[in-house]
Amino acid sequence: MGAWQSYRLRLQRKKWRIRAFRKRREMKAVVNRSDNVRPLDLLCFTTLRNEITRLPYFLDYYRDMGINHFFIVDNDSTDGSADYLAAQPDVSVWTTAASYKRARYGVDWLNWLQMKYAHGHWSLVVDPDEFLVYPFCDTRPLRALTDWLDASSIRSFSAMLLDMYPKGRLDEQPYQSGQNPMEIASWFDSGNYSISRNKRFGNLWIQGGPRARVFFADEPEKAPALNKVPLVKWDRRYAYVSSTHMLLPRGLNQVYDEWGGEKASGVLLHAKFLDTFTHKAAEELDRKQHYSGSVEYKAYAASMRDDPDLWCKWSEKYINWRQLEILGLMSKGNWA
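Computed from a prediction, not measured in an experiment: that's the story for all the values here.

**Some points on the packing of aromatic side chains**
Under the criterion given, the structure shown has 23 aromatic pairs. With a centroid separation of 5.6 Å and an interplanar angle of 80°, the aromatic rings of W234 and Y238 are classed as edge-to-face. The two residues W234 and Y238 agree in class, both being buried. Here the aromatic cluster, defined as three or more aromatic residues joined through ring pairs, consists of Y57, F58, Y61, Y62, F70 and F131. Directly above the aromatic system of W335 lies the positively charged group of R140, at a separation of 4.9 Å from the ring centroid.

**Overview of helix 5 (residues 142–151)**
Think of an α-helix as 3.6 residues a turn; residues three or four steps apart then line up on the same face. Every buried residue of helix 5 is accounted for by L142, L145, T146, W148 and L149. Taken down its axis, helix 5 places every buried residue within 160° of arc, on the same side. On its buried face, helix 5 is in contact with helix 2 (55–65), strand 5 (122–125), strand 6 (130–133), strand 7 (156–157) and strand 12 (231–233). Looking at the residues trailing helix 5, positive phi occurs at S153, about 55°.

**Some thoughts on unusual backbone geometry**
Here L248 and P249 are connected by a cis peptide whose omega angle stands at 10°. Summarising the element assignment, P249 is placed in the loop between strand 14 (246–248) and strand 15 (266–270). In this model, F136 sits at a positive phi of 70°, which is unusual for a non-glycine residue. Relative to the helices and strands, F136 is located in the loop between strand 6 and helix 5. The phi angle at S243 is positive, at roughly 45°, despite the residue not being glycine. Its place among the elements puts S243 in the loop between strand 13 (239–242) and strand 14. Residue classification places S243 among the partly exposed positions, given a relative accessible area of 31%.

**Side note on the environment of L9**
For L9, the position within the fold is in helix 1 (residues 3–23). What makes L9 buried here is its relative accessible area of 6%. Taking C-alpha positions, L9 is 43 Å from I184, a pair spaced 175 residues apart along the chain.

**Topic: the sheet that holds strand 12**
What the seven strands build is an open sheet, ordered 1-4-3-2-5-12-7; its pairing is mixed. The open sheet has two edge strands, strand 1 (28–31) and strand 7, and neither has a second partner. With five bridges joining them, strand 3 (residues 69–74) and strand 4 (residues 91–95) adopt parallel strand pairing. Bridging from a neighbouring strand, D74 pairs with T95 of strand 4. Helix-sheet contacts for helix 2 involve strand 2 (43–48), strand 3, strand 4 and strand 5, and the interaxial angle to strand 3 is about 150°. Along the sheet face, helix 5 touches strand 5, strand 7 and strand 12 and points at about 50° away from the line of strand 12.

**So, the sheet that holds strand 8 (residues 159–163)**
Pairing is mixed in the open sheet, where three strands are placed in the order 6-15-8. Single-partner strands in this sheet number two, and they are strand 6 and strand 8. Sheet twist, expressed as the mean angle between neighbouring strand axes with direction ignored, is 30°. Relative to strand 15, strand 8 is paired through five bridges, and the arrangement is parallel.

What counts and how
Residues numbered from 1 in each chain as written. Predicted model: local features only at pLDDT ≥ 70, side-chain atom pairs only at ≥ 80, totals over all residues. Heavy atoms only, no water. Phe/Tyr/Trp six-rings, centres within 6.5 Å; stacked < 30°, edge-to-face > 60°. Buried < 20%, exposed > 50% of the residue type's maximum accessible area, 1.4 Å probe, protein only. Lys NZ or Arg CZ within 6 Å of the ring centre and 35° of its normal. Helix = DSSP H or I, 4+ residues; strand = E, 2+ residues; numbered from the N terminus. Arc of directions from axis to C-beta. Contact = heavy atoms within 4.5 Å. Pairing = 2+ DSSP bridges. Axes fitted to C-alpha atoms, helices over the stretch in contact; angles between N-to-C directions.

So, in structure tokens, the structure goes:
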């Protein structure tokens, strides 16, 4: 990449950081327990709206993994999510009624919180329906992974988003608060993925899975991106550009080996497709706060009228991280 392109990306990063600084005024702290954060704590950041049913399992999952503190932006929930979060001793929560879309789909809000509170910490950015799986996660806590990344001078860790779904109609098995969603959404597509390289930001662009196969069958190029870089040793100079798909400086996106080898990577099990999905999709379509004129939610609404079964004869039932490594969806690289 030339000097001019590098200069333009530095200017863009500065722009996103200034924008995040300005957007801080849109958020009001409900409870800020950041004084409890210790220098080596692992932090989790998320933005959400009306996720009270998902929150108990989400918090417990990442607590068990080793997250020490959660920083959460509640975007005008009406189901009691903010009050529930405020009662949790390891959570700091902010609320905002401002536009999710005009905050670049929440990226500006989280960029600000990470600038202020995550400097020098390993920071995990996930949605309430995303569950990180990494090599040896069944026997090693997240701290073991971040210690190895530190020792290897690796600043960022990638995870492909893997859409999980049930066998049969989405409304056949009601999800109960506190339940592991993968008890219901236990299937995934193992092979129908396309990968290209974004030359400007240096990241890989992955598409496919059930959303491309069912909701974007006629226009798979419009299917949502599945590439993520959710875990980063944060520095206040960094900034996410588009969700956790890519960030700046661009070197943080180069989480793959261009010479044919493998770097360690994980998977985000994406438990979007539960019985709550139809209502959630209709609500988000009505709010019109999502990317590209909510094209994704328009596709969902059109297909959900027919109650599609996302399962097909090529679907795989989830077992563990080793299965995902065998299928080539993640890698332990040289972490032994």
